[in-house]
Amino acid sequence: MLELRPNCEGCDKDLPPSSPEANICSFECTFCTACVETLLHNVCPNCGGGFSSRPIRPKNEHRPGVSLATRPASKERVNTQYTKSEIAEFVSKLEKISPENR
Ligand SMILES: [Zn+2]
Ligand SMILES: [Zn+2]
């Protein structure tokens with residue numbers, strides 16, 4: 001189950017569970033669309049994988065026990081440990097390779 005982290009690791013923008021701007025890698029590193037497009041170029045700076053749009057968990061309980069109310073989002077903010085220049089160097093090595101071939 002996804003943690004649904006509350007913020008962008010890159011710019012610390014709030015990304016609530018209903019945000020259409022949240023993007024995740026396969027390890028659930030979480031970044032906003034602006035960071036993915038302009039800073040990361042679809043390269044996760046933590047693992048080198050690509051991103052997909054984070055699914056939105058339903059706030060209403062359509063099936064028993066599976067809603068945002070019963071499975072709440074994480075409140076633990078995560079921020080990247082890398083500097084902007086470290087990220088740029090990492091991204092420049094991988095951005096030309098498609099995620100399927102990384
Ligand atoms: Zn961001
Ligand atoms: Zn990652």
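For the structure itself, consult the block above.
About the cut-offs
Counting from 1, residues in each chain are numbered in the order their sequence is written. Chain A is the first chain written and ligand 1 is the first ligand written, with later ones labelled in order. Local features in this predicted model are restricted to residues whose pLDDT is 70 or higher, and side-chain atom pairs enter the listing and the counts only when it is 80 or higher, whereas totals over whole chains, interfaces and linings include all residues. Side-chain measures here rest on the full set of heavy atoms in the structure, leaving out hydrogens and waters. For Na, K and Ca the donor cutoff is 3.2 Å, while for all other metals N, O and S atoms must lie within 2.8 Å; water is not among the atoms, so some sites may look incomplete. In this scheme the shape depends on donor count and angles: four donors with every angle between 85 and 135 degrees give tetrahedral, four or six donors with opposite pairs above 155 degrees and others between 65 and 115 give square planar or octahedral in turn, and any other case is irregular. The secondary structure listing takes helices from DSSP runs of H or I that are at least 4 residues long and strands from runs of E that are at least 2 residues long, numbered from the N terminus. Residue exposure (1.4 Å probe, protein chains only): buried if accessible area is under 20% of the type maximum, exposed if over 50%, otherwise partly exposed. Should any heavy atoms of two residues lie within 4.5 Å, those residues are considered in contact. DSSP calls a pair of strands paired once it identifies at least 2 bridges connecting them. Axis definition: a line fit to C-alpha positions, over the contact stretch in the case of helices; interaxial angles, taken between N-to-C directions, run 0 to 180 degrees.

**Q** I'm lost on the coordination of the zinc ion (ligand 2) in this one. Help?
**A** Perfect tetrahedral coordination of a metal by four donors corresponds to 109.5 degrees between them, and perfect octahedral coordination by six donors corresponds to 90 or 180 degrees. Ligation of the zinc ion (ligand 2) by protein atoms is provided by C25 (SG), C29 (SG), C44 (SG) and C47 (SG), these donors lying 2.3 to 2.7 Å from the ion. Here the zinc ion (ligand 2) binds four donor atoms, and the angle range of 84 to 153° at the metal identifies the geometry as irregular. The motif formed by the donor residues of the zinc ion (ligand 2), counted along the single chain, is C-x3-C-x14-C-x2-C.

**Q** Even after reading the chapter, I still don't get the environment of M1, so can you show me in this structure?
**A** By the secondary structure assignment, M1 is in the segment before strand 1 (22-24). Overall, M1 belongs to the exposed group, its relative accessible area being 71%. When the C-alpha positions of M1 and R71 are compared, they lie 9.1 Å apart, and in sequence the two are 70 residues distant. Among all residues touching M1, those that are not within four sequence positions of it are R57 and R71.

**Q** Looking at this structure, I do not really get the coordination of the zinc ion (ligand 1). What am I missing?
**A** Those protein atoms acting as donors to the zinc ion (ligand 1) are C8 (SG), C11 (SG), C32 (SG) and C35 (SG), and they sit at 2.2 to 2.4 Å. In this structure, the zinc ion (ligand 1) is coordinated by four donor atoms arranged in tetrahedral fashion, with angles at the metal of 105 to 117°. Positions of the donor residues of the zinc ion (ligand 1) along the chain correspond to the pattern C-x2-C-x20-C-x2-C. Residue classification places C11 among the partly exposed positions, given a relative accessible area of 41%.

**Q** Honestly, the sheet that holds strand 2 (residues 30-32) in this entry has me stumped. Any pointers?
**A** Adjacent strands of a sheet form backbone hydrogen bonds with each other and so pair up, either parallel or antiparallel. Ordered in space as 2-1-3, the three strands form an open sheet in which the pairing is antiparallel. The open sheet has two edge strands, strand 2 and strand 3 (52-53), and neither has a second partner. As defined by bridge partners, strand 1 adjoins strand 2 across three bridges and the pair is classed as antiparallel. Looking at strand 2, one finds that N23 is bridged to F31. Sitting on the sheet, helix 1 (residues 33-40) touches strand 1 and strand 2, and the angle it makes with strand 2 is about 85°.

**Q** Sorry if this is basic, but what is going on with the environment of L15 here?
**A** With respect to the secondary-structure elements, L15 resides in the segment before strand 1. Owing to a relative accessible area of 0%, L15 belongs among the buried residues under this scheme. Sequence separation between L15 and V43 is 28 residues, and the spatial gap between their C-alpha atoms is 19 Å. If near-sequence neighbours (up to four positions away) are discounted, L15 is found in contact with R5, P6, N7, C8, E21, A22, T30, F31, C32 and R54.

Just distances and angles here, no functional claims.
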